[in-house]
Amino acid sequence: MRSRGIEPEPIAKGKKEYRKEGLRRRAGLDGVTRRAAEAKILHIVLHSPFYRKADTLFLYVSYGDEVDTHRLMEAALKDGKRVCCPKVANDDRSMAFYRIDSLEELAEGFHGIWEPAGKGQPCLPAKDSLVIMPGCAFDRDRRRIGYGGGFYDRFLAGCEEEGVVKAAVCFSCPILPYLPEEETDIRPDWLITEEGIW
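What comes next is a walk through the structure. Fair warning: this is a prediction, and the values are worked out from it, not measured in the lab. (Residues numbered from 1 in each chain as written. Predicted model: local features only at pLDDT ≥ 70, side-chain atom pairs only at ≥ 80, totals over all residues. Heavy atoms only, no water.)

### Remarks on the environment of arginine 52
1) Next: As for its placement among the helices and strands, arginine 52 is situated in helix α3 (residues 49–53).
2) Next: In sequence terms arginine 52 and aspartate 79 are 27 residues apart; their C-alpha atoms lie 9.4 Å from each other.
3) Next: Leaving out residues up to four positions away in the same chain, arginine 52 has contacts with Leu46, His47 and Lys81. (Helix = DSSP H or I, 4+ residues; strand = E, 2+ residues; numbered from the N terminus. Contact = heavy atoms within 4.5 Å.)

Take a look at the structure:
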């Protein structure tokens, strides 16, 4: 399905180029604009029906110039929701989520990204779970390009429970007219920016 009447650009350009463009745009945000956008995104997420309904959040730990998720974690824990964060295994580069009860349980891990210790059984999304994922670039039809490791596509491919909501948060600047998509790519159900929900 094509993106709302916009002719797709040649896929030969490759995901790598779209990824670079999305990251370039994101890195170009100044601090004031970034903080204002993050505050709007947080407000939109917290007042969304899928956040209110969710009893468990599967939430990435923001790194670098990604949309900050630390305040969302704090709000979710305060609201009495379960919060699970990803941990990547260095041996096989698989990703699993583990529950945390405090941000103090996070420590520097894979590629310098903060992760839970990974103690206990990993958590899997079930009914009334909300999965929030990052990305480098998106389009208006919710196609997503991540960092190239396929972590979220593989993780979500194994989540067949009904009632699991998949969302992505990003600034509006890395939303491009069209992105190429492969069969293994999984789109979020919702895309949340400072401008609203798509």
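### Section: the pattern of salt bridges
1) Next: A full pass over the atoms with the stated rule returns 16 salt bridges.
2) Next: The partner of aspartate 185 in a salt bridge is lysine 15, with the nearest N and O atoms 2.6 Å apart. In this pair, aspartate 185 is assigned in the loop between β10 (175–176) and β11 (190–193) and lysine 15 in helix α1 (residues 14–27), connecting sequence segments 170 residues apart.
3) Next: One salt bridge connects lysine 53 with aspartate 128, and the closest N-O pair in it is separated by 3.9 Å. Note that lysine 53 is positioned in helix α3 and aspartate 128 in the loop between β5 (114–116) and β6 (129–133), a separation of 75 residues in sequence.
4) Next: Relative accessible area serves as the criterion here: at 59%, lysine 53 is assigned to the exposed category.
5) Next: Salt bridges here are not isolated pairs; linked through shared partners, they connect Asp139, Asp141, Arg143, Glu181 and Arg187. (Salt bridge = Lys/Arg side-chain N within 4 Å of Asp/Glu carboxyl O. Buried < 20%, exposed > 50% of the residue type's maximum accessible area, 1.4 Å probe, protein only.)

### Topic: the layout of surface pockets
1) Next: The volume enclosed by the largest pocket comes to roughly 670 Å³.
2) Next: Along its surface, the largest pocket is lined by 31 residues, and Tyr147, Gly148, Gly149, Phe151 and Tyr152 are the ones closest to its centre.
3) Next: The residue makeup of the lining of the largest pocket, split by class, is 15 nonpolar, six polar and 10 charged. (1 Å grid on protein atoms, 1.4 Å probe; cavity = no way out; pocket = protein on both sides within 12 Å on 5 of 7 lines; lining within 4 Å. Points joined across faces, edges and corners; volume = space filled by probe spheres on them. Nonpolar A, V, L, I, M, F, W, Y, C, P; charged D, E, K, R; others polar.)

### Details of empty space enclosed by the protein
1) Next: Scanning all chains against the criterion turns up two cavities of 30 Å³ or more.
2) Next: Approximately 100 Å³ is the volume attributed to the largest cavity.
3) Next: In terms of lining residues, the largest cavity is bounded by Glu38, Ile41, Leu42, Val45, Leu59, Val67, Asp68, Thr69, Arg71, Leu72, Ile132 and Val169.
4) Next: Looking at the lining of the largest cavity, the elements with two or more residues in it are α2 (31–46) and α4 (70–78).
5) Next: The residue makeup of the lining of the largest cavity, split by class, is eight nonpolar, one polar and three charged.
6) Next: Its volume calculated, the second largest cavity comes out at about 60 Å³.

Any functional reading would require information beyond the geometric quantities listed.
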